[in-house]
Amino acid sequence: MADVRSTLNLLRILEQLSHLVLQLQTSLPDEARSKRWLAVSLDSSEPDWREWILQLEQSAIEYRYFYDPVLKRHFLSVGSLKEFAICGENRFHAVEQEWQRWLRDIWRPSNCPLFVLPGFSFAPRHESKGWVGWPDAQLVLPQLLLMGNETSFTAVGLFEQQQPNFVLSGYWHKKPVEEQRLTVDALLEEFRNSVESKNAWERRVLHATEILKSHGDLEKVVLARLSLHATETLPSTAWKLLQKEYPDNFHFIFQHQGMTWLGASPERLLTVMGNRFYADALAGTERRGRTDKEDKAMGQALLKSRKNRQEHVAVVHYLQEKIQHICHHIQIPDLPILKKLANVQHLYTPVTAELLDGVSLADALKTLHPTPAVAGLPVSDALAYIRQEEPWARGWYAGTLGWMDSEGNGSFAVALRSGLYLHRFIAVFAGAGIMSDSLPEEEWKETEMKMLPIRRAFGIF
Ligand SMILES: C=C(O[C@H]1C=CC=C(C(=O)O)[C@@H]1O)C(=O)O
């Protein structure tokens with residue numbers, strides 16, 4: 001009976017919020033009457049994130065979920081009152097401005113928090129090809145927001161002032177609409193045609209090393225690949241496994257037009273909290289050892305590996321150079337440490353700083369995304385190389401997504417160790433940083449290791 005209880009739980013929360021808003025409407029201050037939306041919140045205990053996601057997956061209501069391991073906080077955004085999608089270079093600022101516009105049209109009591117979960121692709125699309133149905137950036141104003149930890153949560157309901165009844169319940173048991181199948185089928189076909197053989201991908205790596213050796217501007221390029229698998233596992237089940245195996249990663253599930261984009265990323269792009277700024281440099285990879293002794297030895301070897309250290313230092317320098325335009329009081333440790341995940345270990349350097357006055361979250365996102373860890377160095381040359389040489393569109397793989405609140409705070413992860421679920425298929429993505437001395441076979445193995453978490457979570461061995 002767990003299902004029924006949880007279904008009722010979410011609906012009951014919405015019902016309570018709906019009663020609150022009806023009460024509020026009788027005593028609204030004048031300035032509230034001209035606003036389009038009203039928001040109300042309630043605090044409660046015993047959140048059931050897992051059951052809620054399971055229930056949402058079985059409904060036709062689109063939702064977005066993000067877990068921030070630094071704050072140890074879950075964010076869930078359910079349904080959609082309004083959507084904003086945009087393509088092009090100006091996407092970060094366009095999203096921020098749209099959010100500000102929406103905020104000006106929402107009236108809420110002073111203690112009612114608000115946030116959204118925006119998502120951005122790897123790079124603005126230059127042609128219309130690839131990832132049909134997915135814009136370069138997307139923002140949704142949900143009907144219901146839930147945020148909290150394992151023991152308590154805050155629920156926020158958003159309602160049209162003119163029509164404050166909640167709209168979700170009617171959709172609860174609906175099946176996904178048929179038109180979405182066309183987009184899903186088109187994307188599946190695109191991915192089928194994008195899968196490369198081991199030989200073909202290694203040829204691409206070899207070609208990149210030749211370019212890198214030719215002493216042009218390009219120092220490093222990240223080459224990615226995808227694999228496509230039939231699966232009987234549902235995203236909510238995969239997510240549960242990922243949460244168990246990778247509790248310290250950023251977890252995300254973004255539903256869009258009947259598709260589910262999900263992952264468990266080790267890499268934070270940035271966090272902004274007031275004027276505090278945090279970012280991670282993550283580049284350089286080795287597998288985990290089979291015993292403690294082997295694992296330690298492999299970690300030490302990674303710390304000493306010339307190729308990996310070079311790759312890592314280049315990312316750190318890049319970050320340092322970039323953020324000095326938006327930050328001061330920058331603190332970066334001299335040496336990387338190891339970030340150990342269940343299947344791989346990475347070289348990792350945490351970066352902290354203070355934002356300069358007047359710098360917004362969108363400024364910071366635009367400054368840092370995409371990083372050399374997912375593009376290469378220099379970033380603009382690497383992007384040009386990827387655009388020309390990568391035979392498929394990355395879409396939202398290696399993009400960025402996270403949460404953003406009404407005060408301009410937010411935290412964004414790089415969408416790695418990720419996959420797109422399309423009606424019983426999972427497309428899995430991974431890339432590897434290619435330097436002039438990279439060995440194609442080793443890089444292939446590295447992408448296989450990086451694909452393992454998503455493949456395993458979907459029952460693919
Ligand atoms: C591009 C990916 O990983 C990046 C992040 C960490 C380490 C990386 C590396 O060692 O190549 C990559 O730069 C991926 O997971 O698809």
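Residues numbered from 1 in each chain as written. Predicted model: local features only at pLDDT ≥ 70, side-chain atom pairs only at ≥ 80, totals over all residues. Heavy atoms only, no water.

Under the annotation held in an unreviewed UniProt entry, the protein chain carries the name isochorismate synthase and is attributed to Alicyclobacillus tolerans. Word for word, the UniProt comment on the protein chain under Catalytic activity (unreviewed entry) is "chorismate = isochorismate". We quote the UniProt Sequence similarities (unreviewed entry) comment for the protein chain here in full: "Belongs to the isochorismate synthase family." (UniProt positions renumbered as here; feature names shortened; annotations may be inferred.)

A. Spotlight on the overall build of the protein chain. When its secondary structure is counted, the protein chain shows 12 helices and 23 strands. What you see for the protein chain is a C-alpha radius of gyration of 22 Å, in line with the 23 Å of a compact globule of 461 residues. Its C-alpha atoms give the protein chain principal-axis dimensions of roughly 70 × 50 × 45 Å. A burial count over the protein chain gives 59% of its 461 residues as buried. If you take every contact in the protein chain between residues at least 6 apart in sequence, the share linking residues at least 24 apart comes to 78%. Just so you have it, the protein chain exposes about 19,500 Å², and 51% of that area is on carbon and sulfur atoms. (Helix = DSSP H or I, 4+ residues; strand = E, 2+ residues; numbered from the N terminus. Rg over C-alpha atoms; globule rule 2.2 N^0.38 Å. Buried < 20%, exposed > 50% of the residue type's maximum accessible area, 1.4 Å probe, protein only. Contact = heavy atoms within 4.5 Å. Areas by Shrake-Rupley, 256 points an atom, 1.4 Å probe, with all protein chains shown as cover.)

B. Here's a closer look at the nonpolar core. Formed by 100 residues in total, the largest nonpolar core has its most connected members in Phe191, Val221, Trp261, Phe277, Leu420 and Phe429. Structurally, this core is a two-domain feature, drawing no fewer than three residues from each of domain 1 (2-174) and domain 2 (180-457). Setting aside its immediate chain neighbours within four residues, Phe429 contacts Trp131, Phe191, Arg225, Leu226, Trp261, Trp392, Tyr397, Ser418, Gly419, Leu420 and Met451. Counting 45 residues, the second-largest nonpolar core is a separate cluster that includes Ile61, Val78, Tyr246 and Phe458. (Core = buried A, V, L, I, M, F, W, Y, C linked by side-chain atoms within 4.5 Å. Domains from an automatic or database assignment.)

C. Main features of the sheet that holds strand β11 (residues 220-230). Read across the open sheet, the 12 strands follow the order β5-β1-β10-β9-β3-β2-β12-β13-β22-β23-β11-β19; overall the sheet is mixed. Where the open sheet ends on each side, the last strands, each with one partner, are β5 (106-107) and β19 (376-377). One ladder, built from 6 bridges, connects strand β2 (residues 63-68) with strand β3 (residues 73-78); its direction is antiparallel. Bridged to Tyr65 within β3 is Leu76. (Pairing = 2+ DSSP bridges.)

D. Inspection of helix α7 (residues 235-245) at higher detail. Among the residues making up α7, those that are buried are Pro235, Ser236, Ala238, Trp239, Leu242 and Gln243. The arc that holds every buried residue of α7, seen down its axis, measures 155°, which confines them to one face. (Arc of directions from axis to C-beta.)

E. The side chain of His74, seen in detail. Within the fold, His74 resides in strand β3. For His74, a relative accessible area of 0% translates into the label buried. In terms of polar contacts, His74 uses its side chain to reach the side chain of Glu150, at 2.7 Å. Not counting chain neighbours up to four residues away, the residues in contact with His74 comprise Trp49, Tyr65, Phe66, Tyr67, Leu146, Met147, Gly148, Asn149, Glu150 and Gln243. (Polar contact = N/O pair within 3.5 Å; in protein donor to acceptor, adjacent residues only side chain to side chain.)

F. Empty space enclosed by the protein, seen in detail. Within the structure shown, the criterion is met by 3 cavities of 30 Å³ or more. One number sums up the size of the largest cavity: a volume of about 360 Å³. Along the wall of the largest cavity there are 22 residues; nearest its centre are Ala123, Pro124, Arg125, Ala393 and Arg394. The class makeup of the residues in the lining of the largest cavity is 11 nonpolar, 4 polar and 7 charged. The two domains that each donate at least three residues to the lining of the largest cavity are domain 1 (2-174) and domain 2 (180-457). Its boundaries defined by the atoms lining it, the second largest cavity holds a volume of some 200 Å³. Along the wall of the second largest cavity there are 21 residues; nearest its centre are Ala373, Leu416, Arg417, Gly431 and Lys450. Of all the secondary-structure elements, those providing two or more residues to the lining of the second largest cavity are β11, β15 (276-287), β23 (425-434) and α12 (440-457). (1 Å grid on protein atoms, 1.4 Å probe; cavity = no way out; pocket = protein on both sides within 12 Å on 5 of 7 lines; lining within 4 Å. Points joined across faces, edges and corners; volume = space filled by probe spheres on them. Nonpolar A, V, L, I, M, F, W, Y, C, P; charged D, E, K, R; others polar.)

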